[in-house]
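# Close look at the chain arrangement
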Number of protein chains: 2
Amino acid sequence: MEIEALSLGQFSFVENAYSFGFAVMAAATLFFWLMRSEIAPAYRLAVTITGLVTAVAAYHYFQIMASWGAAADLTTGEVLATGKPFNQAYRYVDWLLTVPLLLIELILVMRLSRQETIKKSTILGGAAALMIILGYPGEVSDTGGLRFVFWVLSMIPFVFIVYQLVVGLKESIASQPESVKQLVSVSIYLVIGSWLFYPIVYLFPLVGLTGGAAITAVEVGYTIADIVAKAVFGVYIFVIAMRKSKIELEEHDTAAAPAVDESAQASAQDSEHA
Amino acid sequence: MEIEALSLGQFSFVENAYSFGFAVMAAATLFFWLMRSEIAPAYRLAVTITGLVTAVAAYHYFQIMASWGAAADLTTGEVLATGKPFNQAYRYVDWLLTVPLLLIELILVMRLSRQETIKKSTILGGAAALMIILGYPGEVSDTGGLRFVFWVLSMIPFVFIVYQLVVGLKESIASQPESVKQLVSVSIYLVIGSWLFYPIVYLFPLVGLTGGAAITAVEVGYTIADIVAKAVFGVYIFVIAMRKSKIELEEHDTAAAPAVDESAQASAQDSEHA
């Protein structure tokens, strides 16, 4: 990346976007972990991981911000390169950890059977890791040809994940309580929608979009996409967990009433999901 | 901003105001989160977000302080510019996150119906975000004309929010318990009162107020307005949550009264609030 292609205004705008990204991710983390105690035990794992995803992202935004600041000297009123390269790979390091985890938090909040949870988490988490690993060599390569080859390779797990989310989870979504069904669907489309940004932006250098405006659009766009896929998506997971906790509490109250043998049934269910 | 327009005394005064702002915001955050467990579960979301607002503000005061310190060299006994620009936009990054959230904490502590809560949070939060976004281009523009245009555009959502708070919430305030009605009204006027400072200060450069005294007044004034709108307002939200928790506890006691055994009553309450 040619940092000198940026105007001072563009450089500052990207810096402010990173700082905003850090603040959102850190605030989201604190929110999820503080509110964790208000959630039924069955959904605390999902909410804990939701906060883990934003915590890891907050750390990486902090590092990206530092790398961005160290790459440029602004003292003359213009953006001059200090020679220290801006480390674009922090994003990949972040995604390698956060993208599998955010798919797992979705599976966990749905509370499928233990077998289904392990199976779907392994498939989706594995495909997500593969997608990120295959994207990296293209990102750091100098030739457009290699960049394109790895784009194609990385798109295979990408399309597989989108298919799994839209088609593979259909039955699981149908089994969700009425009050969260729509929230689960929307959260899935939030992830897919925000992800569409990445493969498009990846191709920018191939079509000659490397000027100051393009760099600004890419960096700010990545930040917005990250905020949607991690913090906003996380709020959806949290609200789903909150509503399902409430349903369980109500069911538990009904079950605890003098009624027949339902309490034994409920506790058998509890131990199954423990 | 021309940092060399400031005397050493003015520069230090602003620096101390930032440090005070950081200390107040950080202390307020710790207070809200430590006291959270003393609040009834129904109001914990409001108090958690209240602490989130001051936490995000504390982070930004820390960044503003660092940027202010890096912009000037004081070693000669005078304020000389180092060339590193002071990043005024941190305030906008902060407001973009905190202003929608502080309106939402007000809605949450009122405990309206789920539908009303979502509706009012979306409208007020969205209008607040729009107001900040429209203010930014004017703040970073070099020409007075653009600054004025974006001031006018930003004032549209500003006036809308004030109207919504004063007129739109009238009915909701009327439905609040007697012991908090006045507190809710005062908290709303605190927000509106502190906000009036921003659009006035925004116009300072247009009327030629750019000297050391004007910069000092603006920076210290912003800090005071921020403290009122976030920390002092937050204390009001906290007191409202505390009083409403007490009312609910009393109502719960009355409802449970028919049974004579008070220890059973207390333990039932414990398990519900656990």
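Residues numbered from 1 in each chain as written. Chains lettered and ligands numbered in written order. Predicted model: local features only at pLDDT ≥ 70, side-chain atom pairs only at ≥ 80, totals over all residues. Heavy atoms only, no water.

## Quick look at the overall build of chain A
Each helix and strand in chain A was counted, giving 10 helices and two strands. Along chain A, from the amino end to the carboxyl end, the secondary structure elements read α-α-β-β-α-α-α-α-α-α-α-α. If one aligns the C-alpha atoms of chain A with their principal axes, the spans along those axes are about 80 × 35 × 25 Å. Looking at chain A as a whole, 48% of its 274 residues are labelled buried. Of the contacts made within chain A by residues no fewer than 6 positions apart, 79% connect residues no fewer than 24 positions apart. As displayed, chain A offers around 12600 Å² of accessible surface, 66% of which is attributable to carbon and sulfur atoms. (Helix = DSSP H or I, 4+ residues; strand = E, 2+ residues; numbered from the N terminus. Buried < 20%, exposed > 50% of the residue type's maximum accessible area, 1.4 Å probe, protein only. Contact = heavy atoms within 4.5 Å. Areas by Shrake-Rupley, 256 points an atom, 1.4 Å probe, with all protein chains shown as cover.)

## Focus on the packing of helix α1 (residues 8-35) of chain B against helix α2 (residues 41-71) of chain B
Residues and elements named next belong to chain B. Relative to each other, α1 and α2 sit at 155°, their axes nearing to 8 Å. Here α1 is positioned roughly antiparallel relative to α2, judged by the angle of their axes. The way α1 lies across α2 gives a crossing that is left-handed. Here the residues of the contact of α1 with α2 sort into 19 nonpolar, eight polar and one charged. (Axes fitted to C-alpha atoms, helices over the stretch in contact; angles between N-to-C directions. Parallel < 35°, antiparallel > 145°, perpendicular 65-115°, else oblique. Left-handed = near helix turned anticlockwise from the far one by under 90°. Nonpolar A, V, L, I, M, F, W, Y, C, P; charged D, E, K, R; others polar.)

## Observations concerning the packing of aromatic side chains
Tallied over the full model, the rule gives 38 aromatic pairs over all chains. Each member of the aromatic cluster is reached from another via a ring pair, and the members are Phe13(A), Tyr92(B), Trp95(B), Tyr136(B), Phe197(B), Tyr198(B) and Tyr222(B). Stacked on the ring of Tyr202(A), the Lys or Arg Arg147(A) has its end atom at 4.7 Å from the ring centre. (Phe/Tyr/Trp six-rings, centres within 6.5 Å; stacked < 30°, edge-to-face > 60°. Lys NZ or Arg CZ within 6 Å of the ring centre and 35° of its normal.)

## Description of the confidence of the model for chain A
This prediction gives chain A a mean pLDDT of 89; 93% of its residues lie at or above 70. Under a pLDDT of 50 for its full length, residues 259-274 of chain A has, in the predicted model, six contacts with residues more than four places off or in other chains. (pLDDT = per-residue confidence, 0-100.)

## Things to note about the pattern of salt bridges
Here the structure, examined in full by the defined rule, presents 18 salt bridges over all chains. Across the pair Glu38(A) and Arg36(B) runs a salt bridge, and its minimum N-O distance is 3.9 Å. Of this pair, Glu38(A) sits in the loop between α1 (8-35) and α2 (44-71) while Arg36(B) is found in the loop between α1 and α2, placing the two residues in two different chains. As a salt-bridge pair, Asp226(B) and Arg91(B) come within 3.4 Å of each other at their nearest N and O atoms. With Asp226(B) in helix α9 (residues 212-256) and Arg91(B) in helix α3 (residues 90-110), this pair connects stretches of sequence that are 135 residues apart. With respect to class, Asp226(B) is no different from Arg91(B); both count as buried. Through salt bridges with shared partners, one network takes in Arg91(A), Asp94(A), Glu219(A), Asp226(A) and Lys230(A). (Salt bridge = Lys/Arg side-chain N within 4 Å of Asp/Glu carboxyl O.)

## Quick look at a nonpolar patch on the surface
Residues and elements named next belong to chain A. A cluster of nonpolar side chains, Phe148, Val152, Leu206, Val207 and Leu209, forms an exposed patch at the surface whose accessible area comes to about 420 Å². Here Phe148 is to be found in helix α5 (residues 144-168). Owing to a relative accessible area of 42%, Phe148 belongs among the partly exposed residues under this scheme. (Patch = residues over 30% accessible without salt bridge, like charges linked within 9 Å, V, L, I, M, F, W, Y side chains within 5 Å.)

## Quick look at the nonpolar core
Counting 167 residues, the largest nonpolar core has Leu165(A), Trp195(A), Leu165(B) and Trp195(B) as the members making the most contacts within it. It is α2(B) that provides the largest number of residues to this core, a total of 16 residues. Residues within four places of Leu165(A) in sequence aside, it is in contact with Leu103(A), Leu106(A), Leu124(A), Ile188(A), Val191(A) and Ile192(A). (Core = buried A, V, L, I, M, F, W, Y, C linked by side-chain atoms within 4.5 Å.)

## Quick notes on the relation of the copies chain B and chain A
In screw terms, the move from chain B to chain A is a rotation of 70° and a rise of 0.2 Å along the axis, fitting with an RMSD of 0.1 Å. Taken together, the turn and the small shift mark the pair as related by a five-fold rotation axis. (Least-squares fit on C-alpha atoms with pLDDT ≥ 70 in both.)

## Structural notes on the side chain of Ser19(A)
Relative to the helices and strands, Ser19(A) resides in helix α1. Classification of Ser19(A) as buried rests on a relative accessible area of 0%. If we ignore the near neighbours within four places in the chain, the residues touching Ser19(A) are Met65(A), Tyr59(B), His60(B), Gln63(B), Tyr90(B) and Val93(B).

## Remarks on the packing of helix α3 (residues 90-110) of chain A against helix α7 (residues 178-195) of chain A
Residues and elements named next belong to chain A. The interhelical angle for the contact between α3 and α7, taken along N-to-C directions, is 170°, at an axis separation of 11 Å. The orientation of α3 with respect to α7, classified from their angle, is roughly antiparallel. Contacts between α3 and α7 pair Val99, Leu102, Leu103, Leu106 and Met110 from the former with Val184, Ser187, Ile188, Val191 and Trp195 from the latter. Taken together, the residues that form the contact of α3 with α7 break down as nine nonpolar, one polar and no charged.

## A short note on the interface of chain B and chain A
Chain B puts 25 residues into the contact, and the matching count from chain A is 20 residues. Across the chain B to chain A interface the summed buried area is about 1900 Å²; carbon plus sulfur atoms make up 67%. Taken together, chain B and chain A are joined by two salt bridges. Where chain B touches chain A, the interface holds six residue pairs in polar contact (both at pLDDT 80 or more). Listing elements by their share of the side of chain B that touches chain A, those giving two or more residues are α2, α3 and α4 (114-140) of chain B. Per element, the largest residue contribution to the side of chain B that touches chain A is 10 residues, and it comes from α2(B). The residue makeup of the side of chain B that touches chain A, split by class, is 15 nonpolar, six polar and four charged. (Buried area = accessible area lost by both parts, 1.4 Å probe. Polar contact = N/O pair within 3.5 Å; in protein donor to acceptor, adjacent residues only side chain to side chain.)

## With respect to the environment of Ala58(A)
Residue and element names in this part refer to chain A. In this structure, Ala58 sits in helix α2. Distance in space between the C-alpha atoms of Ala58 and Glu116 is 31 Å, their sequence separation being 58 residues. Ignoring any residue separated from it by four or fewer positions in sequence, one finds Ala58 in contact with Phe22, Met25 and Ala26.

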